[in-house]
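Residue strings, one per chain:
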Amino acid sequence: GGVGSWTEGYPCGGDDALEEWQKTSQVRAALHVPLNSNFFSGDNGVGFEYEPTEHDLRPFYQEVAASGSLRVLVYVGDSDPSVNMFDAEAWTSGLGFSETEPWRPWTMDGGERMGGHVTRYSGQFDFLTIRGAGHMVPEYKPWAALVAISSWLPGGGRPPPKP
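Every value quoted in this text rests on a predicted model; they were computed, and no experiment measured them.

Draft legend 1. Focus on the pairing of strand 4 (residues 125-130). Within strand 4, six of the six residues are buried, leaving the element largely enclosed by the surrounding structure. Here strand 4 shows two buried faces, one formed by Phe125, Phe127 and Thr129 and the other by Asp126, Leu128 and Ile130. Pairing analysis gives six bridges linking strand 1 (residues 72-77) to strand 4, with the strands arranged parallel. The residue of strand 4 that forms the bridge with glycine 77 is isoleucine 130. Sheet analysis places strand 3 (residues 114-121) next to strand 4, joined by four bridges and oriented antiparallel. Paired with arginine 120 across the two strands is aspartate 126, which belongs to strand 4. The hairpin formed by strand 3 and strand 4 contains three residues between the paired strands, and glycine 123 there has a positive phi angle of roughly 80 degrees.

So, in structure tokens, the structure goes:
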């Protein structure tokens with residue numbers, strides 16, 4: 001038992017494991033959440049159904065990349081519970097661009113300070129993760145966000161690889 005074993009019985013953790021973990025008295029005490037309160041997922045919780053209002057933007061990004069007129073950077077915190085890194089990576093790779101530089105780590109100092117991972121695609125289209133960042137990347141990891149975006153901007157080079 002205990003907080004350390006909250007994933008037992010859940011092969012990949014996920015929403016069910018998170019809900020069980022949130023219910024434990026140890027977690028509620030650590031978060032200062034009353035024992036009689038209820039957690040719910042903000043995504044399609046009771047009484048909330050998300051309805052997309054925008055059309056599919058993939059053709060737009062494909063057109064932009066094909067034109068070569070703009071560079072595109074899709075970045076995500078790898079600890080973002082709202083925009084999952086794996087979903088963002090699947091969306092990006094699903095656009096059909098060829099990889100010009102496969103998925104690799106990048107560092108903030110050209111050496112040991114891990115920043116995340118980057119994949120480069122044809123059409124000047126890049127996918128980059130910021131290690132340990134949540135949804136608001138600059139808030140959670142300001143130095144990594146500065147290095148990543150400064151490196152990506154014209155004249156800034158590329159995020160340095162991990163040697």
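Draft legend 2. Spotlight on the sheet that holds strand 1. The strand order across the open sheet formed by four strands is 1-4-3-2, and the pairing between neighbours is mixed. What marks the edges here is a single partner per strand, and that holds for strand 1 and strand 2 (99-107). With direction set aside, neighbouring strand axes in the sheet form an average angle of 15 degrees. Its contacts with the sheet place helix 6 (residues 142-152) against strand 1, strand 2 and strand 4, and it is angled at close to 165 degrees to strand 4.

Draft legend 3. Spotlight on the pattern of salt bridges. Taken as a whole, this structure holds three salt bridges when the rule is applied. When the shortest N-O distance is used, the salt bridge between aspartate 126 and arginine 120 registers 2.9 Å. Here aspartate 126 matches arginine 120 in class, with each residue buried.

Conventions we followed
Residues numbered from 1 in each chain as written. Predicted model: local features only at pLDDT ≥ 70, side-chain atom pairs only at ≥ 80, totals over all residues. Heavy atoms only, no water. Buried < 20%, exposed > 50% of the residue type's maximum accessible area, 1.4 Å probe, protein only. Helix = DSSP H or I, 4+ residues; strand = E, 2+ residues; numbered from the N terminus. Pairing = 2+ DSSP bridges. Axes fitted to C-alpha atoms, helices over the stretch in contact; angles between N-to-C directions. Contact = heavy atoms within 4.5 Å. Salt bridge = Lys/Arg side-chain N within 4 Å of Asp/Glu carboxyl O.

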